[in-house]
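Summary of the model geometry
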Amino acid sequence: MSPQDLAAYATRTLEDATIPQLPRHYRGKVRDNYDLSDGRRVIIASDRLSAFDRILCSVPFKGQILTQTARFWFEHTSDICPNHVLGYPDPNVLLCRRLDILPVEIVVRGYLAGTTGTSILTLYKAGQRSMYGMTLPDGMRDNAPLPTPIITPTSKEFDGGHDEPLTPAEILERNLLTPAQWDELSATALALFARGQKLAAERGLILADTKYEFGVNAAGAIILADEIHTPDSSRYWKQASYAQRFEAGERPESFDKDVIRAWVAARCDPYKDPIPPIPQELVLGTAAIYTEAFETITGQPFEPDLAGATVLERIVERLTPLFLG
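The structure presented is a predicted model; accordingly, all values stated were derived computationally and were not measured. (Residues numbered from 1 in each chain as written. Predicted model: local features only at pLDDT ≥ 70, side-chain atom pairs only at ≥ 80, totals over all residues. Heavy atoms only, no water.)

Looking now at the overall build of the protein. Each helix and strand counted, the protein has 9 helices and 16 strands in total. A compact globule built from 325 residues should have a C-alpha radius of gyration of about 20 Å, and the protein, at 20 Å, falls within 12% of that. Buried positions account for 50% of the 325 residues belonging to the protein. Pairs at least 24 apart in sequence give 63% of the contacts found in the protein among residues at least 6 apart. When the accessible area of the protein is evaluated, it comes to approximately 15200 Å², of which 50% is carbon and sulfur surface. (Helix = DSSP H or I, 4+ residues; strand = E, 2+ residues; numbered from the N terminus. Rg over C-alpha atoms; globule rule 2.2 N^0.38 Å. Buried < 20%, exposed > 50% of the residue type's maximum accessible area, 1.4 Å probe, protein only. Contact = heavy atoms within 4.5 Å. Areas by Shrake-Rupley, 256 points an atom, 1.4 Å probe, with all protein chains shown as cover.)

See below:
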């Protein structure tokens, strides 16, 4: 869908997914979670767009697109690792098993890329060569392919703190994982990434890096949780232009969703100042990028669910059996 097509749905967004009939509500930055008494969890993906530790705006269909992109990947990787999915009562809603989330976030990287403080490119440019328990050679260029995909684990801070880089030795020394858990997570993450790269390549895409979260169930089995290979949790580049842009020293062509973030940062201190009203054309342009990402990644046309007077009304109606249960 183009920005012009999306203009008709500019106000059809899910900004708040508070449902009083459901118990134990936890509101995250972009998702609302409810824990049912029988061990199931309801995760509702809103259309909120978060950056700078605050909500900037709502993007039409963002929640549906991310939920359905993750669904595609959960279904195409279930033979590698069991996941927490039980069902999809609505395009924005995931019904899943409640897990004990492991305190290590697994990031797999196939390229020397990234902008965060824990990314290997940031550390490399700062002069580090030894990181995450490995050593990279001198002379590598931005966005260059690594000899083989690597795992760069970070601590998962549940209290809002900043994630920190970890080495495998530190993970074991701090008893964050057992040796058997680390071995299983490492092998599973690399297998998931290989599947992701293979299917992405068939769509003309490069899956450059991604993150995974895992939990354990009551029996101690490791289960894939959260989301997988969405454009919010992964870096995708367009294969056709990668080589030319790399040789020219240019950033790879990607699904760049940071237009709103960049617009805000150019006009205020986004951590302190009030956020100025964001132009509708930027919001709709971002929605079009999410739509393009879904269709390219999955090979499926995006079909917005337009049932109900509002998105929340539609979701409440479809979750009613959970209230009654």
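On to the packing of aromatic side chains, then. Two measures describe an aromatic ring pair: the distance that separates the ring centres and the angle between the ring planes. Considering all chains together, one arrives at 10 aromatic pairs under this definition. Centroid distance Phe52 to Tyr271: 5.5 Å. Interplanar angle 85°. Geometry classified as edge-to-face. Within this pair, whereas Phe52 is found in the loop between β4 (48-51) and β5 (54-58), its partner Tyr271 is found in the loop between α7 (259-265) and α8 (280-298), the two being separated by 219 residues in sequence. Among the aromatic residues, those joined into a ring-pair cluster are Tyr9, Phe61, Phe294 and Phe302. Here the guanidinium or amino end of Arg129 rests over the ring plane of Tyr124, the centre of that ring lying 3.7 Å away. Just above the ring of Phe52 sits the side chain of Arg261; from NZ or CZ to the centre is 4.7 Å. (Phe/Tyr/Trp six-rings, centres within 6.5 Å; stacked < 30°, edge-to-face > 60°. Lys NZ or Arg CZ within 6 Å of the ring centre and 35° of its normal.)

To continue, consider helix α6 (residues 239-247). Here α6 has its buried residues at Ser241, Tyr242 and Phe246. One side of α6 holds all its buried residues, which, seen down the axis, span an arc of 130°. Exposed residues on α6 whose side chains face more than 90 degrees from its buried face are Ala240, Gln244 and Glu247. Next to the buried residues of α6 lie β9 (104-111), β12 (145-151), β14 (205-216) and β16 (234-238). Gly249, located one to two residues past α6, shows a positive phi value of around 75°. (Arc of directions from axis to C-beta.)

With antiparallel pairing, 5 strands are arranged side by side in an open sheet as β1-β2-β3-β7-β6. Both outer strands of the open sheet, β1 (25-27) and β6 (85-90), are each paired with one neighbouring strand and no more. If you compare each strand with its neighbour and ignore which way they point, the axes differ by 20° on average. Alignment of strand β2 (residues 31-35) against strand β3 (residues 40-45), held across 5 bridges, turns out to be antiparallel. (Pairing = 2+ DSSP bridges. Axes fitted to C-alpha atoms, helices over the stretch in contact; angles between N-to-C directions.)

Core analysis: the largest hydrophobic core is formed by 38 residues, its most contacted members being Ile106, Tyr212, Phe214, Leu224 and Tyr236. Looking at this core, the elements that each hand over two or more residues are α2 (62-77), β6, β7 (93-97), β9, α5 (179-202), β14, β15 (222-225) and α8. The residues touching Ile106, leaving out its near neighbours within four places in the chain, are Ile151, Pro153, Trp182, Leu185, Ala189, Thr210, Lys211, Tyr212 and Phe214. Core analysis: the second largest hydrophobic core is formed by 24 residues, Ala10, Phe52, Phe61 and Trp263 among them. (Core = buried A, V, L, I, M, F, W, Y, C linked by side-chain atoms within 4.5 Å.)

Burial analysis of β16 places 4 of its 5 residues in the buried class, the great majority of the element. By the bridge criterion, 5 bridges tie β14 to β16 in an arrangement that is antiparallel. Of the residues in β16, the one forming a bridge with Ile206 is Trp237.

Applying the stated criterion across every chain yields a total of 0 disulfides. Looking at Cys81, it has no disulfide partner, and the nearest cysteine sulfur is the one in Cys96, 14 Å off. As a non-bridged cysteine, Cys268 has Cys57 as the owner of its nearest cysteine sulfur, 13 Å distant. Overall, Cys268 belongs to the buried group, its relative accessible area being 15%. (Disulfide = S-S within 2.5 Å.)

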